Amino acid sequence: MLGGGVYPGMITATIGTFLLIAVVATSVVIVKRRLRYEAWYAVHLAAYAGIALAWFHQIPTGNELVLDHVAADYWRALYLVTLGLLLWFRVLVPFAKALRHRLRVAEVVHEGDGVVSLHITGHGLHRLNAQAGQFFLWRFLDRRSWWASHPFSLSAAPDGRSLRITAKALGDFSGRMGEIRPGTRVVAEGPFGVFTEAARRREKVVLIAGGIGITPIRALMEDMSGDVVVVYRVVSEEDIIFRDELEELARERGIRLLIVVGDHRTREGRRLLSPKHLRELVPDIAERQVYVCGPPAMTEALERNVRRADVPARFIHSEKFAL
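Please read these numbers as outputs of a predicted model, since none were measured by experiment.

**Points about the nonpolar core**
Membership of the largest hydrophobic core comes to 28 residues, with the highest contact counts inside it found for Leu207, Ile214, Ile217, Tyr232 and Tyr291. Sorting the residues of this core by element identifies β7 (205-210), α7 (214-223), β8 (228-234), α8 (243-253) and β10 (289-294) as the ones contributing at least two each. Excluding anything up to four places from it in sequence, tyrosine 232 contacts Ala209, Gly211, Ile214, Asp239, Ile240, Ile241, Leu246, Leu258, Ile259 and Val260.

**Quick word on the sheet that holds strand β3 (residues 135-140)**
Here we have six strands laid out as an open sheet, ordered β4-β3-β6-β1-β2-β5, and antiparallel in their pairing. The open sheet has two edge strands with one neighbour each: β4 (150-153) and β5 (162-168). Strand-to-strand twist in this sheet, taken as the mean axis angle between neighbours without regard to direction, amounts to 40 degrees. Together, β1 (103-112) and β6 (185-192) form the strand contacts of helix α5 (residues 69-101), whose direction differs from that of β6 by roughly 115 degrees.

**Overview of unusual backbone geometry**
Cis rather than trans, the peptide bond between glycine 190 and proline 191 has omega equal to 10 degrees. Inspection of the secondary structure assignment puts proline 191 in strand β6. Backbone geometry at arginine 102 places phi at a positive 45 degrees, although glycine is not the residue there. As for its position among the elements, arginine 102 is in the loop between α5 and β1. With relative accessibility at 45%, the residue arginine 102 sits in the partly exposed group. Positive phi outside glycine occurs at asparagine 129, with the angle close to 55 degrees. Looking at asparagine 129, the relative accessible area reads 59%, which means it is exposed.

**Focus: the sheet that holds β10**
If you walk across this open sheet you meet the five strands as β9-β8-β7-β10-β11, and the pairing is parallel. The two strands at the open ends of the sheet, each matched to only one other strand, are β9 (256-261) and β11 (316-320). Taken over all neighbouring pairs, the strand axes of this sheet differ in orientation by 15 degrees on average, direction set aside. Looking at chain direction, β7 and β8 are connected through six bridges and run parallel. Across the sheet, the residue bridging to valine 206 is valine 229, located in β8.

Rules used in this analysis
- Residues numbered from 1 in each chain as written.
- Predicted model: local features only at pLDDT ≥ 70, side-chain atom pairs only at ≥ 80, totals over all residues.
- Heavy atoms only, no water.
- Core = buried A, V, L, I, M, F, W, Y, C linked by side-chain atoms within 4.5 Å.
- Buried < 20%, exposed > 50% of the residue type's maximum accessible area, 1.4 Å probe, protein only.
- Helix = DSSP H or I, 4+ residues; strand = E, 2+ residues; numbered from the N terminus.
- Contact = heavy atoms within 4.5 Å.
- Pairing = 2+ DSSP bridges.
- Axes fitted to C-alpha atoms, helices over the stretch in contact; angles between N-to-C directions.

In structure tokens, the structure reads:
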């Protein structure tokens, strides 16, 4: 039973199954939170190898398909269509955009302790149709980073001439973003996401940011008008990013800016942004649309508190930053 090509098929099936199980396992929320993004990305790249190995097990050596040519052709077509879509959206489209827009890192700015902004320029950036609040998958073509793409939101509203992203040193790649040299070529997939002005359904809005989640909120402040309140939650004064920019935007656009400082490990810190505290900060919060952005655990807690502050779920819009 182990001869005639069956044994190699069993090996490929076993390896392919193991790879696909690893992909599913690392997609579980609690696992993904503890896994570095680079490791998670590498495991998911292995899914392509799992699919390829499944081909050799199912099509050439599958007993059911050897005799049923119609079924075999059907499965071949599915694989070919999948391969075509993969090549189109993951290779050809990004490559065409790279040639068209010729993105490069123009400037590297150290915003604070472990926080770095990259200013990226190129040609015809208005044709990307990017909006404040959206993110791209960024691939920086240097020796250490070319193989993986990384999701970062725009930290300034796109102006058609340049794009800015900002990250805190929380992982392998974000920890060395400050080492990227000006002139480095960039490939960007996107824009993605609906954390934008277009999702707004109420005249009055509250934008709540936790930590590095201020980046898309900062961009939205340039894009939103009307009655807007920004609540920015940080552990300490040293953690405040873009203070000067936030205060200037608040003055220019008539936005009410509230910076809430406190250590969540203390009794007083745990009270911050509770339902009662939210109603104290924004008495009419129940009448507003609420945007929430921050690390996953913080965002989930804030969503619960916002709902308990009598904001209907349909008016709560959240963006969780994978760390």
